[in-house]
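# Inside the fold
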Amino acid sequence: MAILEVKALETHFRTRRGVIKAANNVSLALEPGHILGLVGESGAGKTVLALSILNLVPFPGKIVGGDVLFQGRSLLRLTARELRTIRGKEISMISQDPVRGLNPVMSIGPQVEETLTSHLRISKREARQRALALLRQMGLPDPERVAAAYPYQLSGGMCQRVMLAIAMALKPQVLIADEPTSALDVTIQAEILSEIRRLKEDCDAAVLFISHDLGVIAQMADEVAVMYAGSIVERAPTAELFRRPVHPYTWGLLRSLPRLDQQRQEQLPTIRGAPPSLLNLPDECPFLPRCHKAITRCRTSSNPLLHPVGARQEVACYNPVVYDWAPDGPT
Ligand SMILES: Nc1ncnc2c1ncn2[C@@H]1O[C@H](COP(=O)(O)OP(=O)(O)OP(=O)(O)O)[C@@H](O)[C@H]1O
Ligand SMILES: [Mg+2]
């Protein structure tokens, strides 16, 4: 049973130059004890989707269609106060951008303590002790010094770990992690990833894990959704998606990864062209200008909808990649 469901979500930014359709009929479901990976190029709409879930889309953005259900209740219809009690306690977010995720004029310690005291009945002293323990747990070596510092006095990676401490403080049922390790080096990245996995396992939390790093997604996610130009174009269990990508975009993404089990090629293949602007998107498939498999129907019909192509795989494409082996056949 899904704990959080996004249904046909449409988030638009109305600008003077036109409408930016950052989320286009997006549907997904998060289940307890599962990590859903969300991948896509820069500008695909991953962060806007994450912010839409918490009803935090910045102006001039607006959710113009669809719904977000948490335990069956619409988050978009709650009052600001009701939403505040859910945010942080039941649903937490690690923001990609420390400026958005942390208060720049408040030192770190009180920010972590505030999360604890606003939802739990504990003394200030206990909150302080718990905050220091959380900072230490997130791999920050000198928690007292970090607690006394302001965000601008810390590196990007340290801010990311502070946000993780805040997000994990109340053991949320849903964690939205937007590029949680992008500013970290690999050893610390591994620690943070294991903290997220621990939250999933110990607390049965549902996680939306956003990254453009397919290697990290492969390690972390149980299921993957691929986002392109504001739409989910393919969705499958992780092993299935890596073994048998069927959308030409996913296929291209995976082909452009370096592989250790193959002879080094002169140059890695790339996907031709550039991602489209989301401004005044045409009604047709947004991948069409870059697609090597486009057929007449792609030019004459509107943007394809997600449809099943296997027991648990879905694709939004009129001419997906086909394989001449069974899904459980040779890799
Ligand atoms: N405040 C804003 N005003 C206008 N357009 C915006 C705003 N925020 C985001 N957008 C647009 O929404 C689209 C999606 O942006 P988003 O930040 O969600 O991409 P992303 O997939 O998270 O990229 P990245 O991997 O770089 O983080 C972009 O085209 C962006 O220009
Ligand atoms: Mg982003």
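Conventions adopted
- Residues numbered from 1 in each chain as written.
- Chains lettered and ligands numbered in written order.
- Predicted model: local features only at pLDDT ≥ 70, side-chain atom pairs only at ≥ 80, totals over all residues.
- Heavy atoms only, no water.
- Salt bridge = Lys/Arg side-chain N within 4 Å of Asp/Glu carboxyl O.
- Helix = DSSP H or I, 4+ residues; strand = E, 2+ residues; numbered from the N terminus.
- Donors = N, O, S within 2.8 Å, 3.2 Å for Na, K, Ca; no water.
- Near = heavy atom within 4 Å.
- Polar contact = N/O pair within 3.5 Å; in protein donor to acceptor, adjacent residues only side chain to side chain.
- Areas by Shrake-Rupley, 256 points an atom, 1.4 Å probe, with all protein chains shown as cover.
- Nonpolar A, V, L, I, M, F, W, Y, C, P; charged D, E, K, R; others polar.
- Pairing = 2+ DSSP bridges.
- Contact = heavy atoms within 4.5 Å.
- Axes fitted to C-alpha atoms, helices over the stretch in contact; angles between N-to-C directions.
- Core = buried A, V, L, I, M, F, W, Y, C linked by side-chain atoms within 4.5 Å.
- Buried < 20%, exposed > 50% of the residue type's maximum accessible area, 1.4 Å probe, protein only.
- Domains from an automatic or database assignment.
- Phe/Tyr/Trp six-rings, centres within 6.5 Å; stacked < 30°, edge-to-face > 60°.

Let's shift gears to the pattern of salt bridges. In the structure shown here, the tally under the stated rule is 7 salt bridges. For Lys200, the salt bridge goes to Asp222, with nearest N and O atoms at 3.4 Å. A residue pair is termed long-range when its members are at least 10 positions apart, and Lys200 in helix α8 (residues 186-203) and Asp222 in the loop between α9 (214-220) and β9 (223-228) qualify at 22 residues. Between Glu314 and Arg235 there is a salt bridge, with the nearest N and O atoms lying 2.5 Å from each other. Within this pair, whereas Glu314 is found in strand β12 (residues 314-315), its partner Arg235 is found in strand β10 (residues 231-237), the two being separated by 79 residues in sequence.

The next point concerns the coordination of the magnesium ion (ligand 2). At 1.9 to 2.2 Å from the magnesium ion (ligand 2) lie its protein donor atoms, namely Thr47 (OG1) and Gln96 (OE1). Here Thr47, found in helix α1 (residues 46-53), pairs with Gln96, found in the loop between β6 (91-94) and α3 (98-101); they are 49 residues apart in sequence, far enough to count as distant.

Residues in close proximity to ligand 1 total 14 residues, the closest being Ser42, Gly43, Lys46, Thr47 and Gln96. At 2.8 Å from an oxygen atom of ligand 1 is found a main-chain nitrogen or oxygen belonging to Gly43. Here an oxygen atom of ligand 1 and a side-chain polar atom of Lys46 are 2.8 Å apart. Protein chains bury 70% of the 640 Å² of accessible surface belonging to ligand 1 in isolation. Of all the secondary-structure elements, those providing two or more residues to the shell around ligand 1 are β2 (18-30) and α1. It is α1 that provides the largest number of residues to the shell around ligand 1, a total of 3 residues. The class makeup of the residues in the shell around ligand 1 is 7 nonpolar, 5 polar and 2 charged.

Let us look at the pairing of strand β1 (residues 4-15). Where β1 and strand β4 (residues 61-70) come together, 8 bridges link them in antiparallel fashion. Within β4, the position partnered with Glu10 by the bridge is Gly65. With 9 bridges connecting them, β1 and β2 associate as antiparallel partners. Within the sheet, the bridge partner assigned to Thr15 lies in β2 and is Gly18.

Strands sit in the order β6-β7-β8-β3-β9-β10-β12-β11 across an open sheet of 8 strands; the sheet is mixed. Looking at strand neighbours, the two that pair on one side only are β6 and β11 (307-308), the edges of this open sheet. Of the pairings in the sheet, the one linking strand β3 (residues 35-39) to β9 comprises 4 bridges and is parallel in character. Residue pairing for β9: Leu36 is matched across the bridge by Glu223. Most of the contacts of helix α7 (residues 156-168) go to β6, to which it runs at about 175 degrees, and overall it touches β6 and β7 (174-178).

Counting 62 residues, the largest nonpolar core has Leu135, Val162, Ile196 and Phe209 as the members making the most contacts within it. Top contributing element to this core by residue count: α7, with 9 residues. Counting contributing residues, this core receives three or more from each of domain 1 (4-221) and domain 2 (228-259 + 268-315). Contacts of Ile196, omitting those with residues within four sequence positions, involve Leu164, Met168, Leu175, Ala177, Pro180, Val207, Phe209 and Met220. Ile3, Ala50, Ile176 and Ala225 belong to the second largest nonpolar core, which has 30 residues in total.

Moving on to the side chain of Thr115. Take Thr115: it is sitting in helix α4 (residues 108-119). Thr115 sits in the buried class, given a relative accessible area of 14%. Those residues within four positions of Thr115 in sequence are excluded, and the remaining contacts are Ile166, Ala169 and Leu170.

Following the criterion strictly, the structure yields 4 aromatic pairs and no others. Aromatic pair Tyr150 and Tyr152: ring centres 6.4 Å apart, planes at 25 degrees, arrangement stacked. Three or more aromatic residues joined by ring pairs form one cluster here, namely Tyr228, Tyr249 and Phe287.

The amide bond that connects Phe59 to the next residue, Pro60, takes the cis arrangement and shows omega of 5 degrees. Looking at the element boundaries, Pro60 is found in the loop between α1 and β4. With phi around 55 degrees, Asn25 is a residue other than glycine that occupies positive phi space. Following the sequence through the fold, Asn25 ends up in strand β2. Owing to a relative accessible area of 37%, Asn25 belongs among the partly exposed residues under this scheme. In the Ramachandran plot, Glu179 falls in the positive-phi region, its phi being about 45 degrees despite a non-glycine side chain.

In this section: the sheet that holds strand β5 (residues 73-74). Sheet architecture is open: 4 strands sit in the order β2-β1-β4-β5, paired in antiparallel fashion. Each edge of the open sheet carries a strand with a single partner, namely β2 and β5. Summarising the sheet, β4 and β5 pair through 2 bridges and their orientation is antiparallel. From the neighbouring strand, Phe70 faces β5, where its bridge partner is Arg73. On top of the sheet, α1 reaches β1, β2 and β4; it is set at about 115 degrees to β1, its chief contact.

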